[in-house]
Amino acid sequence: MTDQITQTICITGAASGIGRGAVEHFHQAGWRIIALDKNADGLSDLRHEHCLTLCCDVGCEGEVRESFQEVANWLDGAPLDCLVNNAGIADPACGPLEALSLPEWQRWIDASLTGTFLVSREALSLLRKSGGASIINISSTRALQSESDTFAYSAAKGGVSALTHSMAMSLGPEIRVNAILPGWIATPSSVGSEDFGEGLRPIDHAQHPAGRVGTVADIAQAIAYLAGAGFVTGEQLVVDGGMTRKMIYAE
């Protein structure tokens with residue numbers, strides 16, 4: 001590590017989608033990066049300088065503890081300035097309530113809510129060294145509104161939103177805690193792909209008041225804003241192109 005790198009960010013779910021977009025954004029901004037994901041193949045493609053990659057299931061307490069022991073060793077006394085709890089199951093659909101098994105329910109809860117708790121808890125000692133650290137939890141607009149058969153996903157993300165303001169009240173003023181609630185965010189279909197618009201129709205873009213579906217870059221920019229917004233804590237930043245504010249009438 002060089003003296004020129006002065007800030008460090010840890011991003012979970014970093015191998016693809018929003019997490020990968022955040023890694024690219026903060027790499028370009030000159031940050032030191034810690035990338036966690038249980039997808040080892042996806043992590044292997046992240047070969048940035050000043051980037052530590054760790055294969056970790058954030059819903060598993062033992063794996064999280066072991067990973068942050070490695071993080072502490074790698075930082076060698078340096079602080080962690082920002083934590084992004086992004087890991088989760090991307091597909092919100094879980095089928096009819098009567099067919100949803102407890103293990104499947106728990107899989108969604110562990111991936112988002114339990115993972116956010118475990119990672120935040122293990123990162124606290126490193127964040128407190130920063131003197132102005134930030135935790136940013138990735139929730140979802142489904143914490144505010146729902147589609148059919150998304151029970152476990154919605155419950156997990158609603159829990160993340162509630163956990164966010166609870167953490168903000170408990171960890172401040174040392175550590176600010178905020179949530180981002182993405183709406184429809186188009187992600188590349190495969191690792192390394194640049195095609196964020198595959199399969200999207202003109203109507204998909206047009207139904208957004210902003211005129212288009214979101215991209216991972218939109219969320220990365222929101223993360224960067226909250227990482228530096230020193231007077232913002234306990235908030236939920238909705239990044240959805242205006243969809244949750246749009247009134248829809250039957251035709």
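Throughout what follows, the structure given in this document is the object of discussion. (Residues numbered from 1 in each chain as written. Predicted model: local features only at pLDDT ≥ 70, side-chain atom pairs only at ≥ 80, totals over all residues. Heavy atoms only, no water.)

### What to know about the sheet that holds strand β3 (residues 51-55)
With parallel pairing, seven strands are arranged side by side in an open sheet as β3-β2-β1-β4-β5-β6-β9. On the outer flanks of this sheet lie β3 and β9 (236-239), each paired with one strand and no other. For this sheet, the mean inter-axis angle between neighbouring strands, taken without regard to orientation, is 15°. Sheet topology note: the strand β4 (residues 82-85)/strand β5 (residues 133-138) ladder contains four bridges and is parallel. Note that in β5 the partner of Asn 85 across the bridge is Asn 137. (Pairing = 2+ DSSP bridges. Helix = DSSP H or I, 4+ residues; strand = E, 2+ residues; numbered from the N terminus. Axes fitted to C-alpha atoms, helices over the stretch in contact; angles between N-to-C directions.)

### Some words on empty space enclosed by the protein
Taken as a whole and judged by the stated rule, the model has one cavity of 30 Å³ or more. Here the largest cavity is characterised by a volume of approximately 30 Å³. Taken together, Thr 12, Val 58, Asn 85, Asn 86, Ala 87, Ala 111, Ser 112, Gly 115, Thr 116 and Val 119 make up the lining of the largest cavity. Residue classes in the lining of the largest cavity are distributed as four nonpolar, six polar and no charged. (1 Å grid on protein atoms, 1.4 Å probe; cavity = no way out; pocket = protein on both sides within 12 Å on 5 of 7 lines; lining within 4 Å. Points joined across faces, edges and corners; volume = space filled by probe spheres on them. Nonpolar A, V, L, I, M, F, W, Y, C, P; charged D, E, K, R; others polar.)

### Some words on the environment of Leu 171
Relative to the helices and strands, Leu 171 is located in helix α5 (residues 151-171). Overall, Leu 171 belongs to the buried group, its relative accessible area being 12%. Sequence-distant contacts of Leu 171, defined by excluding residues within four places in its chain, comprise Leu 124, Arg 128, Ile 135 and Val 177. (Buried < 20%, exposed > 50% of the residue type's maximum accessible area, 1.4 Å probe, protein only. Contact = heavy atoms within 4.5 Å.)

### Section: the packing of helix α1 (residues 17-28) against helix α7 (residues 216-228)
Each pair of packed helices can be described by the angle between their axes along with the distance between the axes. Remark: α1 packs on α7, axes separated minimally by 8 Å, with the N-to-C direction vectors making an angle of 60°. Relative to α7, α1 is oriented oblique. Like other packed secondary-structure pairs, α1 and α7 cross with a definite hand, here right-handed. Contact with α1, carried on its side by Gly 17, Ile 18, Gly 21, Ala 22, His 25 and Phe 26, involves Val 216, Ile 219, Ala 220, Gln 221, Ile 223 and Ala 224 of α7 and no other residues of that element. Looking at the contact of α1 with α7 residue by residue, the classes come out as eight nonpolar, four polar and no charged. (Parallel < 35°, antiparallel > 145°, perpendicular 65-115°, else oblique. Left-handed = near helix turned anticlockwise from the far one by under 90°.)

### Things to note about the pairing of strand β2 (residues 32-37)
Within a regular strand, side chains alternate between the sheet's two faces. Counting buried positions along β2 gives six out of six residues, so the element sits mostly inside the fold. Burial along β2 is two-sided: Arg 32, Ile 34 and Leu 36 facing one way and Ile 33, Ala 35 and Asp 37 facing the other are all buried. In terms of strand pairing, strand β1 (residues 8-12) meets β2 through five bridges, oriented parallel. Paired with Thr 12 across the strands is Leu 36, a residue of β2. Once the chain exits β1 it traverses α1 before rejoining the sheet at β2, and the crossover so formed is right-handed. (Right-handed = clockwise from strand over helix to strand, strands pointing away.)

### As for the side chain of Thr 12
By the element assignment, Thr 12 lies in strand β1. On the basis of relative accessibility, which here comes to 1%, the residue Thr 12 falls in the buried class. For Thr 12, the side chain forms a polar contact with the main-chain nitrogen of Asn 86, separated by 2.9 Å. (Polar contact = N/O pair within 3.5 Å; in protein donor to acceptor, adjacent residues only side chain to side chain.)

### Considerations on the pattern of salt bridges
Scanning the model with the defined rule gives nine salt bridges in all. Close ionic contact of Arg 65 with Glu 61 constitutes a salt bridge, the shortest N to O distance being 3.3 Å. With a gap of four residues between them, Arg 65 and Glu 61 both fall in helix α3 (residues 61-75), about one helical turn apart. When its relative accessible area of 35% is taken as the criterion, Arg 65 is described as partly exposed. (Salt bridge = Lys/Arg side-chain N within 4 Å of Asp/Glu carboxyl O.)

In short, shape yes, function no, at least from these values alone.
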